[in-house]
Amino acid sequence: NHLQAIIYAIPDIFFELDLEGVCCDFRSPFPNFTLEPLYGMIGHNISEYMPPEAINVIKKALTEALEKGFSRGGQFALELEQWKRFFEISVSRKLWDYKVPHFIYLRQDITERKIAEQALKSSEEKYRSLYENAGIGIFRSTFEGKFIEVNPALAKMFWYNSPEEMVGSVHDMAEQIYAIPPNREIIMTRTEEGWGIIKTENFYRRKDGTNFWYGMLHMRTIYDAEGNWLCYEGFIEDINDRKKAIE
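Reference entry: report on the structure contained in this document. Bear in mind that the values here come from a model prediction, so they are computed numbers and not experimental data. (Residues numbered from 1 in each chain as written. Predicted model: local features only at pLDDT ≥ 70, side-chain atom pairs only at ≥ 80, totals over all residues. Heavy atoms only, no water.)

## Focus: the sheet that holds strand S5 (residues 102-109)
Here 5 strands make up an open sheet; going across it, the order is S2-S1-S5-S4-S3 and the pairing antiparallel. Of all strands in the sheet, those with a lone pairing partner are strand S2 (23-27) and strand S3 (70-80), marking the two edges. The sheet shows a mean angle of 25° between the axes of neighbouring strands, direction not considered. In this sheet, S2 lies alongside strand S1 (residues 13-18) in antiparallel orientation, the contact comprising 4 bridges. Looking across to S2, one finds that Glu-16 is bridged to Asp-25. Lying on the sheet, helix H3 (residues 111-133) is in contact with S3, strand S4 (83-93) and S5; it crosses S4 at an angle near 115°. (Pairing = 2+ DSSP bridges. Helix = DSSP H or I, 4+ residues; strand = E, 2+ residues; numbered from the N terminus. Axes fitted to C-alpha atoms, helices over the stretch in contact; angles between N-to-C directions. Contact = heavy atoms within 4.5 Å.)

Below you can see the structure in the form of structure tokens.
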């Protein structure tokens, strides 16, 4: 009774299948949530009720479970009642001595997770596009003075051929990027003293050693959820033309 209670508490569909995919039994909290009534599936191959893409995933999982005893992580989508639903399956081989191997096939609805993953991916792609195409230089750097990442605008501003070249070439930002090296330590101290985002005009040095005298730096310190220091993050705006116009 205790085991039965656990089984009925599982909020997902599971089937008992043989190796060929014939349905021997099932349990579902959603009797109408499939392509055909579930009772009609008993004694029939699941290929009669599901599209080829889903069948390929299930049969691959059955084969893996025959060899290893279990299979996890296979995914497919189904068009159900005008809704597209996403499922993840787990298959385990039953231990009873059948002439034909039998398997427990559990199907979990992961639609909400998939939607969240797709939204996150879309958000990341938008951020990446903004980062790559921004007209100002954006960076992350270490305490020691190495770049973690820079965007194309920053590499171009400092006359590097690519972001990869700039990240790989700069080993000491104070000496290679700052025209006045002590300024970096002063700015770092201000961010760590709780000033939040630092905004200050600064003097910089290009790849070839020449200086450009007006760059507006916005920088802050990034911490993790526990308050541990992670990196510096900021952007640099070339304001030479603006300064010349004022002068």
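Continuing now.
## A few points about H3
Helix length check: H3 (23 residues) gives 33 Å between terminal C-alpha atoms against 33 Å at 1.5 Å per residue, within 8%. Here H3 has its buried residues at Thr-111, Lys-114 and Tyr-131. On its buried face, H3 sits against S3, S4, S5, strand S6 (137-141), strand S7 (147-150) and helix H4 (152-157). (Expected span 1.5 Å × (residues − 1). Buried < 20%, exposed > 50% of the residue type's maximum accessible area, 1.4 Å probe, protein only.)

## Focus on unusual backbone geometry
The phi angle at Trp-159 is positive, at roughly 70°, despite the residue not being glycine. Secondary-structure assignment places Trp-159 in the loop between H4 and helix H5 (163-169).

## Section: the packing of aromatic side chains
Applying the stated criterion across every chain yields a total of 10 aromatic pairs. With a centroid separation of 6.1 Å and an interplanar angle of 25°, the aromatic rings of Tyr-127 and Tyr-131 are classed as stacked. Taken together, the positions of Tyr-127 and Tyr-131, both in helix H3 and 4 residues apart, correspond to about one turn of that helix. Look at Tyr-178 and Tyr-204: their rings are 5.7 Å apart centre to centre, the planes differ by 55°, and that puts the pair in the tilted class. With Tyr-178 in the loop between helix H6 (173-176) and helix H7 (182-195) and Tyr-204 in strand S8 (residues 198-205), this pair connects stretches of sequence that are 26 residues apart. Judged by relative accessible area, which is 3%, Tyr-178 ranks as buried. Among the residues examined, Tyr-204 registers a relative accessible area of 1% and is labelled buried. (Phe/Tyr/Trp six-rings, centres within 6.5 Å; stacked < 30°, edge-to-face > 60°.)

## A look at the pattern of salt bridges
By the definition in use, this model includes 10 salt bridges. Linked through salt bridges whose partners overlap, the residues forming this network are Glu-88, Arg-113 and Glu-117. (Salt bridge = Lys/Arg side-chain N within 4 Å of Asp/Glu carboxyl O.)

## Things to note about the nonpolar core
Core analysis: the largest hydrophobic core is formed by 23 residues, its most contacted members being Phe-15, Leu-17, Ile-58, Phe-76, Ile-89, Val-91 and Tyr-105. Every element with two or more residues in this core is listed here: S1, S2, helix H2 (52-68), S3, S4 and S5. Discounting residues that sit within four places of it in the chain, Tyr-105 has contacts with Ile-13, Phe-14, Phe-15, Leu-17, Met-50, Ile-58, Phe-76, Ile-89, Ser-90 and Val-91. Val-150, Met-157, Met-173 and Ile-198 belong to the second largest nonpolar core, which has 22 residues in total. (Core = buried A, V, L, I, M, F, W, Y, C linked by side-chain atoms within 4.5 Å.)

## Here's the deal with the sheet that holds strand S10 (residues 229-238)
Paired through their backbone hydrogen bonds, the strands of a sheet run either parallel or antiparallel. In space, the 5 strands of this open sheet follow the order S7-S6-S10-S9-S8, with antiparallel pairing throughout. The open sheet has two free edges, formed respectively by S7 and S8, since each of these has just one partner strand. Neighbouring strand axes in the sheet, compared pairwise and without regard to direction, differ in orientation by 30° on average. Note that S6 and S7 share 3 bridges and pair antiparallel. If you follow Phe-139 over to S7, its bridge partner there is Val-150.

## A word on the environment of Ala-65
Within the fold, Ala-65 resides in helix H2. Here Ala-65 falls in the buried class, since its relative accessible area comes to 0%. Each C-alpha atom, one on Ala-65 and one on Ser-90, is 9.2 Å from the other, the two residues being 25 residues apart in sequence. Each residue touching Ala-65, except ones within four places of it in the same chain, is listed here: Phe-70, Ser-71, Val-91, Arg-93 and Phe-103.

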